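Commentary on secondary and tertiary structure
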Amino acid sequence: MNVLFNKSFKIADKLVGEGCEPFIIAEMSANHGNDINKAIEIIKEAKKSGADAIKIQTYTADTLTIDCKREPFEAKGAWEGQYLYDLYLDASMPWEWTPILQNIAQEEGIILFSSPFDFSSIEFLEKLNMPAYKIASPELIDLPFVRRVAQTKKPIIMSTGNATLSQINDAVAIMIEENVKDLIILKCTSEYPAPPENINLKTIQNLKDIFKCPVGLSDHTIGSSIPIASIALGASVVEKHFIVNRTDITADSFFSATPEELKLIVDGSKMVYKALGTIDYPIIAKKDQRSLIVVKEIKKGELFTNDNIRSIRPGGGLKSNDIDKVINRKAACFLERGTLLKWEMVGELN
């Protein structure tokens, strides 16, 4: 794919992408628990923990599925035993909260944006001037929906989940057709929680190589290690489900990060990013830390041998690789044990 997306760009007032500090997104998802005060608390705690953005989800049970109790509509995995409609009914956030939460986020100094899930939610969010959109993994294959998101001309974060490379390519092709330049692709493993052996962080660099855009990680693992590690593998963005207190039971609480864990991710990601630096080798060699040193007292005229001189620390004497030039020569003077050998101390060959 020859078309290049922007390597970095702004979401609201924050520069994200290549060459920028990691962009950390706290995903509210269902963790509001249908309580707007909890939603507000999540925003405030995400800011305190150092997150750059808070992401909400804009859907209703009716925009995602239908109320049907047939077997295909049974939830799978961690939510087994529920039907999709009931799960989404309980997990969805009332849309009328959105402008209220936008104001709170603005007051707190944290970016708020959303994942739409159908055409009606896109139109609703467009009226509120969302600074960016996230396309969730299951919606990636809905190309008419992907196209409509692309047509907003907002920065887009697109999660891959279980999508094949061909499906990802089809969605990215839509972005190119719609002249989207600000795109981030998130490596994602759609398991809840996701086991480390299924994360495959090496895919991050492969996605960057293929699609020539910034890439990040949407993380569903427990703890902070894997999202921090993703930065070393080239991730520019980390998205993590976030809850103030994991004892608050919601659809997503069991794999969501607490404020302490999110702060570890924020601080660890920034530290790793700083440590990445650039490809760097010293132009001028630093002072040697080993050299040829007298290890046994040597009388004037006595031969240097492997028994009375050695290459050891510290530096400051003759270079270690000069030892073959010194062995079997005579000492030009008396040398005490611990003397750092110099050429003027080395006499003629035996």
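The preceding data block contains the structure.
The present account deals with the structure reproduced in this document. (Residues numbered from 1 in each chain as written. Predicted model: local features only at pLDDT ≥ 70, side-chain atom pairs only at ≥ 80, totals over all residues. Heavy atoms only, no water.)

This part is about unusual backbone geometry. That bond from Tyr 192 to Pro 193 is cis: its omega, -10 degrees, falls within 30 degrees of zero. Secondary-structure assignment places Pro 193 in the loop between β8 (183–188) and α8 (203–211). Cis geometry marks the peptide bond from Arg 313 to Pro 314, where omega comes out at 5 degrees. When you line up the elements, Pro 314 lands in the loop between β12 (309–312) and α11 (323–326). The residue Asn 179 is not glycine, and still its phi comes out positive at about 60 degrees. One non-glycine residue, Asn 200, lies in the positive phi region at around 55 degrees. Mapped onto the fold, Asn 200 is located in the loop between β8 and α8. Residue class for Asn 200 comes out partly exposed when judged on its relative accessible area of 47%. (Helix = DSSP H or I, 4+ residues; strand = E, 2+ residues; numbered from the N terminus. Buried < 20%, exposed > 50% of the residue type's maximum accessible area, 1.4 Å probe, protein only.)

A few words on the pattern of salt bridges. According to the stated counting rule, one finds 18 salt bridges in the structure shown. For the salt bridge of Lys 319 with Asp 288, the shortest nitrogen-to-oxygen distance reads 3.0 Å. A residue pair is termed long-range when its members are at least 10 positions apart, and Lys 319 in the loop between β12 and α11 and Asp 288 in the loop between α10 (259–276) and β11 (291–294) qualify at 31 residues. Lys 325 serves as the salt-bridge partner of Asp 322, at 3.5 Å between the closest nitrogen and oxygen. Residues joined in a network through salt bridges with shared partners are Asp 67, Lys 69 and Asp 86. (Salt bridge = Lys/Arg side-chain N within 4 Å of Asp/Glu carboxyl O.)

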